[in-house]
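# Inside the fold
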Amino acid sequence: MADWKSESSGVGEAGLGGSDRERRNNQPDHVERHPYFQRRKERLEKEVESSGEEDSKLLVPSSLELGPGAVDRYLISKQITKMQEPRKLTPDDLDERRIIYPESSNRVLVNRFRDLRTKLLELSGGNNFTMVVSGAAPGAGSSFVALNLAAAFAFDQAKTALIIDCNLREPSIHSSLDVIPETGLTDFLDDPNFDISRILYPTGIPRLRLIPAGSRRETPAEFFTSFRMKQFLQAIRRRYPDRFIVLDTAPISESPDARILTELCDYGMLVVPHGKITPSTVEKAATAFNPDKFVGAVING
């Protein structure tokens with residue numbers, strides 16, 4: 001990953017600011033002391049106690065609903081602790097798969113994704129968000145960028161991340177993570193009685209979950225324009241107060257999927273393969289996004 005361009009979004013090239021934890025600690029005290037939030041915290045604590053250890057049961061408001069700092073940090077950490085990791089990818093596993101991790105020796109790559117994460121947090125005001133990542137052309141590396149961006153958000157022990165493979169034609173995230181899924185997104189969208197917990201997979205990376213593409217991959221646009229898809233995105237945003245959700249899609253030049261999904265999400269980002277396509281192709285791909293949601297482009301190469 002070579003660069004981060006964001007002329008269209010107004011996100012500057014500023015250096016890293018304070019840590020995410022510092023920003024949380026700077027939240028006004030009166031927000032968490034307010035009786036409303038105290039009562040809500042007590043109710044949520046009871047729900048968490050009775051939920052057991054299953055990830056799928058932890059339905060709580062997002063920080064966009066209550067505002068940063070409105071949910072007590074103790075409660076957040078308690079929920080995250082319940083995210084069981086039946087396996088853990090080793091540093092060698094992660095290096096082989098080109099996935100970043102805090103102790104990676106490839107500091108240049110780690111720091112570039114941390115920088116990208118910081119700029120996105122500045123854009124969102126520190127709130128969690130949903131983001132579509134799409135390539136400007138086939139082979140741009142959008143899956144590589146999407147997966148590593150999600151991994152970067154999961155670095156912080158007080159945050160969680162979820163990556164959703166929405167490239168129904170050529171899904172690849174499960175292979176990168178060495179996951180063999182039995183079900184996925186399309187199975188959930190096909191069946192109104194399908195339990196969402198059946199499509200949430202541990203990745204071997206702490207605090208990062210995967211929703212694979214699923215078994216049925218015909219007419220993806222019909223899946224993504226459905227009301228159930230909108231409901232699905234609303235539901236997964238509520239699972240943790242500080243969950244960041246990244247959707248990997250087919251190239252925006254090849255299908256309407258990225259455009260459709262960006263309308264349901266907060267942001268859209270373009271991945272441009274370095275030196276492989278013309279500036280006019282990049283411009284055409286960028287203008288395909290809703291300009292109000294387009295945050296910029298990452299040059300990958």
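The residue numbering used here restarts from 1 in each chain and proceeds along that chain's sequence as written. Owing to the predicted nature of the model, reporting of local features is limited to residues with pLDDT of at least 70; listing and counting of side-chain atom pairs is limited to 80 or more, with chain, interface and lining totals taken over all residues. Each side-chain value is derived from all of the structure's non-hydrogen atoms; neither hydrogens nor water enter the calculation.

Once that is clear, we can look at the side chain of T183. Secondary structure follows DSSP: runs of H or I at least 4 residues long count as helices, runs of E at least 2 residues long count as strands, and numbering of each begins at the N terminus. Tracing the chain through its elements places T183 in the loop between α9 (173–176) and α10 (185–190). Residue exposure (1.4 Å probe, protein chains only): buried if accessible area is under 20% of the type maximum, exposed if over 50%, otherwise partly exposed. For T183, a relative accessible area of 13% puts it in the buried group. In this description, contact between two residues means that some pair of their heavy atoms is separated by no more than 4.5 Å. When sequence neighbours within four positions are dropped, the list of residues in contact with T183 reads F194, R198, I199, Y201, P212 and G214.

So, on to the pairing of strand β2 (residues 130–135). Burial within β2 is extensive, with 6 of its 6 residues counted as buried. Residues of β2 alternate between two faces, with T130, V132 and S134 on one and M131, V133 and G135 on the opposite face, all of them buried. Strands are treated as partners if at least two bridges between them are detected by DSSP. Bridge count between β2 and strand β6 (residues 243–248): 4 bridges; the pairing is parallel. Across the sheet, V133 pairs through a bridge with D248, a residue of β6. Summarising the sheet, β2 and strand β7 (residues 267–273) pair through 5 bridges and their orientation is parallel. Counted as the bridge partner of V132 is G268 from β7.

Now for the pattern of salt bridges. Put simply, a salt bridge is a Lys or Arg side-chain nitrogen that is within 4 Å of an Asp or Glu carboxyl oxygen. Considering all chains together, one arrives at 5 salt bridges under this definition. Taking the shortest distance from any N to any O, the salt bridge between R169 and D257 comes out at 2.9 Å. Pair noted here: R169 is in the loop between β3 (160–165) and α9 and D257 is in helix α13 (residues 257–264), with a separation of 88 residues, a long-range link. Residue class for R169 comes out partly exposed when judged on its relative accessible area of 46%. In this structure D257 comes out as buried when scored by relative accessible area, which is 0%. With a shortest N-O distance of 3.2 Å, D266 and R237 are connected by a salt bridge. A residue pair is termed long-range when its members are at least 10 positions apart, and D266 in the loop between α13 and β7 and R237 in helix α12 (residues 227–237) qualify at 29 residues. Several salt bridges share partner residues, and in doing so they unite D93, R97 and D178 into one network.

Structurally, the position occupied by M269 is in strand β7. For M269, a relative accessible area of 0% corresponds to the buried category. With 137 residues separating them in the primary sequence, M269 and V132 have C-alpha atoms 6.1 Å apart.

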